[in-house]
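Spelled out from the first residue to the last, the chains are:
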Amino acid sequence: MPELQNFTMNFGPQHPAAHGVLRLVVEVDGEVIRKADPHIGLLHRGTEKLAESKPFNQSIGYMDRLDYVSMMCNEHAYVLAIERLLGVTAPPRAQYIRVLFDELTRITNHLLWLGSHALDIGAMSVFLYCFREREDIMDMYEAVSGARMHATYYRPGGVHRDLPDTMPRYEPSRFRSRRELKRLNAAREGSLLDFIAAFADRFPSCVDEYEELLTDNRIWKQRTVGIGVVDPETALAYGFTGPMLRGSGVAWDLRKTQPYEVYADLDFEIPIGRHGDCYDRYLVRMAEMRQSVRLVRQCVDWLRTHPGPVHLDDYKIVPPPRAVMKHDMEALIHHFKLFSEGYSVPEGETYAAVEHPKGEFGIYLVSDGANKPYRLRIRAPGFAHLAALDMMVRGHMIADLVAVIGTQDIVFGEIDR
Amino acid sequence: MRPSSPETLVARIREVLPDLAAPTVVRDEVTIEVPESRWLGVAQTLRDEEGLNFEQLVDLTAVDYLGYGQVQWTTHEATSVGFSRAVLVAPPDPALQEGDRPRFKVVVHLLSVRGNRRLRVKIVPAVREGLLILPSSVTLWPSADWYEREVFDLFGIVFEGHPDLRRILTDYGFVGHPFRKDFPLSGHVEVRYDPGQKRVIQEPVSIEPRVLVPRVVRPIAERPDGSPADA
């Protein structure tokens, strides 16, 4: 009888369950995985090197394109790092707007994660429901920044502009009946804050719907319970952060433990898991969406009653308003210098980390006093998670590999940078 | 749980590792510099010693200090026809070490979840036989695995004792270390599909590297609220 040998299989880089361009070289013994070697870098764009050749503000747009499903959270870490080196703080209203959009971003990220994770495992309909709600958040992005995804909305010293008083509406067309149009525009009669408030009222029941489809679903549990179990010590040693760490039962959330912006004044809880398997991480993320809604509500209430500036008044960092530039030469010069040369950031280095939907997203920024970063380092949470893929899937079936990739919430924009 | 104060961390480090250079604290961020020969021992202490407990290696990266603080456009002298758009790029000497000022530093960010504190560690890799060498910390923190592969790929620093030191982000068969400062932004080669040979071929890059916005260093004016700019 010939000696049985392990079989080496290639997975990806163009596989629907690979969540982007992941190539895996998997060594299997029958259906059981003995070793998984991820080959990454197919989406490497050298963001860190590109940023070294541009003034500080011109790299904000690149941050959106790192983790392209949680755009504003990426910007947040970068902007925080610059602000720390400049020694400035954004005005309170800007901080609340940032927290509001961070939490909305967390919801979009988790919705996309939930939809694609469920689709990978075989639950088709959740995907459609998730994208229905995600569309509303894309509309909020568009209303506030003009872009559905790559917003470039956060700026050093605040945010680009204040929240709009009107919400864009659907226009009549021969494909929509008047009743349909009225239904679509029902929440869009007021300001953006009204639209967000209506969303926050509606969204918890949507989460209930997803949970109804999955939480007690027998097939869902068979595919996720006891799969990819990570104990707390291993999770820490492998550099896990965010829901991956909390799913293993470690109550660590930068919003609570090392609060930035106004998180210290807001009321929310950190959900944690107990077993550290895919099912617990699913539950953690579902609970996080509910907590995010809570935070969104608090921010909306605060923002309704506290008008004020949304960025600093310092023309060395923030461009002057158009109206002022029409009659003030000084302001015009500031505007020109800011958009041609940029501002110089004092010499020094800092590490700014935010609680990104996927974990700890950090920016290590080194400045030598010039108008461009000397070195920009992006600490992406997914990179550490994917590095642990081999450890998580050893001994599991090939089908579980897909569940583990799904539970890690992999997005290649941030892993390959 | 509030973050623990940097003063207690500094005191504890001085107590446990008295022979190291004193930690620096800037904006509540604590940094220590560790000689390459002592890195693994210090790392072990940082991870296991009570009061430090850095059980997580959050990030490991490197910085290339070639041309640090160098400007590309000096504006002190204006001619009668104004400033020229020309940019002076003095080619920096790409030696691995210039005198006693090291060119590369490996920067490690550690996090203690139990004690809620962060620490930045800087290590200067040794230069031996034309290679930059640093002992690998994979045995202490498994998360260092891919970070060290990345630093090897992008900066060419060799981690001694790493179980699987391969390139990670760049293409199969890539030559050079792209994040070094003497590596041009546009790279050395470009790829295209050649219909004659019916395959993708590599050619020398056809675009000239150019500077769109020159690098300038300016003192920062005083802020409107009167706070000094370099605080």
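The structure presented is a predicted model; accordingly, all values stated were derived computationally and were not measured.

S.K.: So what about the overall build of chain A? Which residues, and what values?
M.R.: Counting secondary structure elements, chain A contains 18 helices and eight strands. Its C-alpha atoms give chain A a radius of gyration of 23 Å, within 12% of the compact-globule value 22 Å for 417 residues. Once the C-alpha set of chain A is aligned to its principal axes, its extents read approximately 90 × 60 × 40 Å. Looking at the 417 residues of chain A, the share that counts as buried comes to 61%.

S.K.: Provide a residue-level description of the pairing of strand β2 (residues 29-34) of chain B, including the pertinent values.
M.R.: All names here are of chain B. Judged by how many residues are buried, β2 sits mostly within the fold: five of six residues are covered. Note: strand β1 (residues 24-26) against β2, three bridges, orientation antiparallel. The residue bridging Val-25 from the neighbouring strand is Val-30, located in β2. In sequence, β1 turns back onto β2 through a hairpin of two residues, with Arg-27 there showing a positive phi of about 50 degrees. As judged from the four bridges shared by β2 and strand β7 (residues 117-123), these two strands associate in the parallel manner. For Thr-31, the partnering residue across the bridge sits in β7 and is Arg-120.

S.K.: Residues and numbers for the sheet that holds strand β6 (residues 104-112) of chain B, please.
M.R.: Residue and element names in this part refer to chain B. Spatially, five strands are ordered β1-β2-β7-β6-β3 in an open sheet, and the strand pairing comes out mixed. Each of the sheet's edge strands pairs with one partner strand only, and the pair in question is β1 and β3 (56-64). Between one strand and the next, the sheet's axes are offset by a mean angle of 25 degrees, whatever the strand orientation. Here helix α3 (residues 144-155) sits on the sheet in contact with β3 and β6, set at roughly 5 degrees to β3.

S.K.: So, the pairing of strand β3 (residues 32-39) of chain A: which residues are in play, and what are the values?
M.R.: Side-chain direction in a regular strand flips from residue to residue, so the side chains alternate between the two faces of the sheet. All names here are of chain A. With seven bridges connecting them, strand β2 (residues 23-29) and β3 associate as antiparallel partners. Paired with Val-25 across the strands is Asp-37, a residue of β3. Count of turn residues in the β2/β3 antiparallel hairpin: two residues, of which Gly-30 carries a positive phi of about 70 degrees.

S.K.: Requested: an account of the packing of helix α4 (residues 92-121) of chain A against helix α5 (residues 124-145) of chain A, with residues and values cited.
M.R.: Residues and elements named next belong to chain A. Where α4 contacts α5, the two axes come as close as 8 Å, and the packing angle between them is 155 degrees. Here α4 is positioned roughly antiparallel relative to α5, judged by the angle of their axes. In the packing of α4 onto α5, the handedness of the crossing is left-handed. Counting all contacts with α4, which are made through Phe-101, Leu-104, Thr-105, Ile-107, Thr-108, Leu-111, Leu-112, Leu-114, Gly-115, Ser-116, Ala-118 and Leu-119, the residues of α5 involved are Met-124, Val-126, Phe-127, Cys-130, Phe-131, Glu-133, Arg-134, Ile-137, Met-138, Met-140, Tyr-141 and Val-144. Here the contact of α4 with α5 is composed, by residue class, of 18 nonpolar, four polar and two charged.

S.K.: Help me get a handle on α4(A), residues and values and all.
M.R.: Residues and elements named next belong to chain A. Counted at 1.5 Å a residue, the expected span for α4 with its 30 residues is 44 Å, and the 43 Å between its end C-alpha atoms agrees. In terms of burial, α4 is largely enclosed, as 28 of its 30 residues are buried. Where α4 ends, the next residue or the one after it, Gly-122, has phi of about 120 degrees, a positive value.

S.K.: Quick rundown of the interface of chain B and chain A? Include the residues and the values.
M.R.: Across the boundary between the two partners, chain B contributes 64 residues, which contact 71 residues of chain A. For the pair chain B and chain A, the two sides together bury roughly 5,400 Å², of which 53% comes from carbon and sulfur. Its largest share of buried area at the contact with chain A, chain B owes to B:Trp146, B:Leu169 and B:Arg215, together 13% of the area lost on that side. For the salt bridge of A:Arg377 with B:Asp59, the shortest nitrogen-to-oxygen distance reads 2.7 Å. At the junction of chain B with chain A, the criterion picks out 33 residue pairs in polar contact (both at pLDDT 80 or more). Sorting the residues of the side of chain B that touches chain A by element identifies β2, β3, β6, β7 and α3 of chain B as the ones contributing at least two each. Of all the elements, β3(B) adds the most residues to the side of chain B that touches chain A, at nine residues. When the residues that make up the side of chain B that touches chain A are grouped by side-chain class, the tally is 37 nonpolar, eleven polar and 16 charged.

So, how was this worked out
Residues numbered from 1 in each chain as written. Chains lettered and ligands numbered in written order. Predicted model: local features only at pLDDT ≥ 70, side-chain atom pairs only at ≥ 80, totals over all residues. Heavy atoms only, no water. Helix = DSSP H or I, 4+ residues; strand = E, 2+ residues; numbered from the N terminus. Rg over C-alpha atoms; globule rule 2.2 N^0.38 Å. Buried < 20%, exposed > 50% of the residue type's maximum accessible area, 1.4 Å probe, protein only. Pairing = 2+ DSSP bridges. Axes fitted to C-alpha atoms, helices over the stretch in contact; angles between N-to-C directions. Contact = heavy atoms within 4.5 Å. Parallel < 35°, antiparallel > 145°, perpendicular 65-115°, else oblique. Left-handed = near helix turned anticlockwise from the far one by under 90°. Nonpolar A, V, L, I, M, F, W, Y, C, P; charged D, E, K, R; others polar. Expected span 1.5 Å × (residues − 1). Buried area = accessible area lost by both parts, 1.4 Å probe. Salt bridge = Lys/Arg side-chain N within 4 Å of Asp/Glu carboxyl O. Polar contact = N/O pair within 3.5 Å; in protein donor to acceptor, adjacent residues only side chain to side chain.

Everything listed is a geometric property; what it means functionally is a separate question.
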